[in-house]
Amino acid sequence: MNSFYSIKALKKYLNQAKSEGKTIGFVPTMGALHKGHLSLVQAALNECNIAVASIFVNPTQFNNKEDLDKYPRTLEKDSELLENVGCHAVFAPTVKEMYPHGLKNGFEAPQIGNITSVLEGEHRPGHFEGMMQVVSLLLDIVAPTHLYMGLKDYQQFAIVSLMVEAQGREIIMRGMPIVREENGLAMSSRNERLSPTCRENAKIIYETLEKVKSQLDFHNIDELEKLGKALIEKLDGTEVEYFEIVDAKTLTKTDINAKKNLIALTAVWYEGIRLIDNMIL
Ligand code: AMP
């Protein structure tokens, strides 16, 4: 596997591949890789000539300094995992390499409606602006033919899809299914910070989403949201930040009474860790 730390070296490698007509599948990550990330790399390998992953803990998308400081950084192990699945290249720049003139780099978020201000956007102010800023920068650098992202971050995928369209980029978007631990908990780099007992107990989030899905025909949306919150909070030490059922395309409450194309999304604090999950109903 080729490891790149500078934009210049990565571009040189990719330009060569592009000049040979190769397709480039790109997987942006913040590292601390697990099977969820690797499933994206695998999908890129299956569909493209070259799979490139990036590992960059982007400071501008953290609205909480402690979360940024505590975010696991395990580059050596990550590189090994990428190499083992057959990833062709990893790009692991420093903050200085990505933002040579400071974190405010003049990025202007495209106008894509209020999808950035609901759910995660409401509870993590500035998060999506920072995420769009870094994804936009990475797409400028890598200029992939295909972009692979996980539906675990469902709203992120929806926003990046709109951004890519608004910016006129010709990239094939692939939203890949959520990879879960054996007990159903959505895999996340943050799970490492849960104690073993809590990591087991946190399966309640997945079980609740399944339960709510099974009750769709028997309750209205309001009742289902209350049920979701109550079932999760039965577990001591949890606090549900939101449990919302919305239209899976717009992520708003319009037209949801038709009970078609709905998604339940939730964010839960547990042991000081913020966990997110979702399920198409
Ligand atoms: P992150 O490193 O957390 O920013 O995630 C990088 C990419 O991996 C994003 O597109 C995530 O949606 C995706 N991802 C993270 N966890 C999972 C998972 N459990 N299943 C599928 N994709 C995931």
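Everything quoted here is computed from the prediction, not taken from an experiment.

So, how was this worked out
Residues numbered from 1 in each chain as written. Predicted model: local features only at pLDDT ≥ 70, side-chain atom pairs only at ≥ 80, totals over all residues. Heavy atoms only, no water. Helix = DSSP H or I, 4+ residues; strand = E, 2+ residues; numbered from the N terminus. Contact = heavy atoms within 4.5 Å. Buried < 20%, exposed > 50% of the residue type's maximum accessible area, 1.4 Å probe, protein only. Near = heavy atom within 4 Å. Polar contact = N/O pair within 3.5 Å; in protein donor to acceptor, adjacent residues only side chain to side chain. Areas by Shrake-Rupley, 256 points an atom, 1.4 Å probe, with all protein chains shown as cover. Arc of directions from axis to C-beta. Pairing = 2+ DSSP bridges. Axes fitted to C-alpha atoms, helices over the stretch in contact; angles between N-to-C directions. Salt bridge = Lys/Arg side-chain N within 4 Å of Asp/Glu carboxyl O.

(A) Examining the side chain of T208 more closely. You can see T208 is positioned in helix α10 (residues 204–214). In this view, T208 contacts G228, L231, I232 and F243; residues no more than four positions away in its chain are not counted.

(B) Here's a closer look at the side chain of H37. Here H37 is to be found in helix α2 (residues 35–47). On the basis of relative accessibility, which here comes to 15%, the residue H37 falls in the buried class. Here H37 is in contact with V27, T29, G31, A32 and S189, once residues within four sequence places are set aside.

(C) Here's a closer look at the site of the ligand. Around the ligand, 17 residues are found, and the nearest of them are M30, G150, D153, V179 and M187. A distance of 2.8 Å separates a nitrogen atom of the ligand from a polar atom in the backbone of V179. Protein coverage of the free-state accessible area of the ligand, which is 480 Å², stands at 92%. If you list the elements that add at least two residues to the shell around the ligand, you get β2 (24–29), α2 and β5 (146–150). Counting residues per element, the shell around the ligand draws most heavily on α2, at three residues.

(D) Molecular detail of α10. Taken together, the buried positions of α10 are occupied by I204, I205, T208, L209 and V212. Buried residues of α10, seen end-on, are gathered within an arc of 140° and therefore sit on one face of the element. Looking at the buried side of α10, the elements it contacts are α9 (196–201), α11 (221–233), β7 (238–247), β8 (262–270) and β9 (273–280).

(E) Representation of the sheet that holds β9. Spatial ordering of the open sheet is given by β7-β8-β9, a layout of three strands whose pairing is antiparallel. Here the strands that pair on one side only, and so sit at the sheet edges, are β7 and β9. On average, adjacent strands in this sheet sit at an angle of 15° to one another, irrespective of strand direction. Of the pairings in the sheet, the one linking β7 to β8 comprises nine bridges and is antiparallel in character.

(F) Structural view of the pattern of salt bridges. Within the structure shown, the criterion is met by 17 salt bridges. Residue E47 is joined to R174 by a salt bridge in which the shortest nitrogen-to-oxygen separation is 2.5 Å. Note that E47 is positioned in helix α2 and R174 in strand β6 (residues 172–176), a separation of 127 residues in sequence. The class for E47 is partly exposed, based on a relative accessible area of 35%. You can call R174 partly exposed: its relative accessible area is 30%. In this structure, E120 and R274 form a salt bridge, with 2.9 Å as the shortest nitrogen-oxygen distance. One end of the pair, E120, is in helix α6 (residues 120–123); the other, R274, is in strand β9, and 154 residues separate them in sequence. Members of the salt-bridge network, linked through shared partners, are D67, R190 and R193.

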